[in-house]
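Chains, contacts and geometry: an overview
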Amino acid sequence: MKLPLLRDSTQKSEIRSKPKTPQPPNTHPLKSLLCQAFICVVILSQIFLVIFLTRARPKSTSTRPNFSNSDPRECLFGSVYVYDLPAMFNNDLLTDCDKLDPWTSKCDAVSNNGYGPRALAELSRVVPEKVAPAWYWTDHYMGEIIYHNRMLDYKCRTMKPESATSFYIPFYVGLAVGKHVSRNHTARDWDLLGGRMLKWVQGQKWWKRSNGSDHFIMMGRLTWDFRRLTDSDSEGGSRFIHLPGMENVLRLTVEKNLSDHMEIAVPYPTEFHPRTVSDVREWQRFVRSRTRTSLFTFVGATRGTVKSDFMGILLSQCRIESGSCRHVDCSETRCVDGTASILEAFLGSVFCLQPKGDGFMRRSLFDCMLAGSIPVFLGKETAYKQHEKGWFLPGEPEHYSVFIDENEVRNGISVRTILEGYHIEEVWRMRERVVENIPKFLYGIPSDGLSSTGFRDAFDIAIDGVLRKIKYRKYKGRKDD
């Protein structure tokens, strides 16, 4: 509801020059009081509405510093322009947070700029007091919100699109897709918002300049959620990646298609979002000093509908070797957002098993390494092939992890026997590589991440990599011409 505007001084003088017409006496003072009360109620309701709508939104671009004069020496790969998309493509999704998942509200998950609710109360007995405020129950699919907020404060952001060398599209496509995962939707439902966004961005001058080849987007879900092959309503999933226009756009995603050179896999958000370098150092000291009473941990659940379920095989081994193995059963505990029991299990174990989950990558990998536990991969399609070499994980897999072929485990080889074969000095060296690497897969809580304090976190590494790739593509294009 719009409030009446005050007349300006010109209008007032004109009104005064007109002859006054007699007015009847005010015989209804109660009516006047009611009108005033109604206006007050309207104003208060608008204030509360604004507070609600802005609780999870990225800060207004008008309140952000102007980065157009960034030091070129800090922006070797160019500058980024962040599109101000219509609200339907990002902020409106946050406003309707109770509709983002067909089974549960996501309003807590989108709070605190995508970091979720604070975990201080639940984790105060598990983590050091100094770093406890840096822990949040972060949903593993909130990367789009986190990246958007970080991009608005990025050191190489420019407010002048004509000077930008790359363009970021802050479309929350993963949140949009998540609304339809119950499969009670048509193919048109899955693709509607993505199609509208592409129509909007393709109408922009800066898209037309390059046909989108200098544009990039963050997609917070696995790539497979955006790769529906047909228009059949029964197939489920979005065709966003296959829509006209997306073929030239670089895509950040938590799991990529290994055959798609336009995709870059980035770490899932963990629950730890350090505020300072001291937070990182304190946590590293803590995990180095832990007494680990279990040889290995397995976090997961059996999937009864899957034939020859490998999770079930691992669970059986863990139960047989209960003196060496800890198990957190995700059929009884909600593991998506993290729990104190998961963190305690990883902190108390030397190794952690990392089989495939719904995809090749699991958030559990980063939770495991965050706790200083050495990952045991059971398939090379996982971190070995997903991430750019040396970006978020050490470049030499054998220096920080163990590989056991899934087929060998299916054929009866004992996980415990293999892990017990590693000498204590070798275990120490692998754990040290894991702990040293922790900052590279974290998302810092400050608006500028940890880069100003000497650390480059996952966001810094990912965006630097994107800009480098875009610059190389432009150079290669000019060379080919």
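Parameters at a glance
- Residues numbered from 1 in each chain as written.
- Predicted model: local features only at pLDDT ≥ 70, side-chain atom pairs only at ≥ 80, totals over all residues.
- Heavy atoms only, no water.
- Pairing = 2+ DSSP bridges.
- Helix = DSSP H or I, 4+ residues; strand = E, 2+ residues; numbered from the N terminus.
- Contact = heavy atoms within 4.5 Å.
- Axes fitted to C-alpha atoms, helices over the stretch in contact; angles between N-to-C directions.
- Phe/Tyr/Trp six-rings, centres within 6.5 Å; stacked < 30°, edge-to-face > 60°.
- Buried < 20%, exposed > 50% of the residue type's maximum accessible area, 1.4 Å probe, protein only.
- Lys NZ or Arg CZ within 6 Å of the ring centre and 35° of its normal.
- Disulfide = S-S within 2.5 Å.
- Parallel < 35°, antiparallel > 145°, perpendicular 65-115°, else oblique.
- Left-handed = near helix turned anticlockwise from the far one by under 90°.
- Nonpolar A, V, L, I, M, F, W, Y, C, P; charged D, E, K, R; others polar.

**Points about the sheet that holds strand β8 (residues 349-354)**
Spatially, five strands are ordered β7-β6-β8-β9-β10 in an open sheet, and the strand pairing comes out parallel. Edge positions in the sheet fall to β7 (325-329) and β10 (402-403), since each has one partner strand and no second. Here strand β9 (residues 374-377) runs beside β10; their pairing, made up of two bridges, is parallel. Following the sheet pairing, Phe-377 is matched in β10 by Phe-403. Most of the contacts of helix α12 (residues 340-347) go to β7, to which it runs at about 165 degrees, and overall it touches β6 (294-300), β7 and β8.

**So, the packing of aromatic side chains**
For the structure shown, the criterion picks out 21 aromatic pairs. Seen from their ring centres, Tyr-147 and Phe-459 are 5.3 Å apart, and the 55 degrees between their planes marks the pair as tilted. A residue pair is termed long-range when its members are at least 10 positions apart, and Tyr-147 in helix α6 (residues 143-152) and Phe-459 in helix α18 (residues 458-480) qualify at 312 residues. With respect to burial, Tyr-147 and Phe-459 carry one shared label: buried. A cation over a ring is seen here: Lys-380 above Phe-403, with NZ or CZ 5.1 Å from the ring centre.

**Some thoughts on the state of the cysteines**
Under the criterion given, the structure shown has four disulfides. Each disulfide pairs two cysteine sulfurs, and for Cys-75 the partner residue is Cys-156, the sulfurs being separated by 2.1 Å. Here the disulfide of Cys-75 and Cys-156 is left-handed, its torsion about the S-S bond being about -100 degrees. Placement of Cys-75 in the loop between α2 (29-53) and β1 (80-82) and of Cys-156 in the loop between α6 and β2 (166-169) is noted, with a sequence separation of 81 residues between them. A relative accessible area of 13% means that Cys-75 is categorised as buried. Given a relative accessible area of 2%, Cys-156 falls into the buried group.

**What about the packing of helix α10 (residues 277-288) against helix α17 (residues 424-437)?**
Relative to each other, α10 and α17 sit at 160 degrees, their axes nearing to 10 Å. The angle between the axes of α10 and α17 places the two elements in the roughly antiparallel class. The two elements α10 and α17 cross, and the hand of that crossing is right-handed. Counting all contacts with α10, which are made through Gln-284, Val-287 and Arg-288, the residues of α17 involved are Glu-432, Val-435 and Glu-436. Considering only residue class, the contact of α10 with α17 consists of two nonpolar, one polar and three charged.

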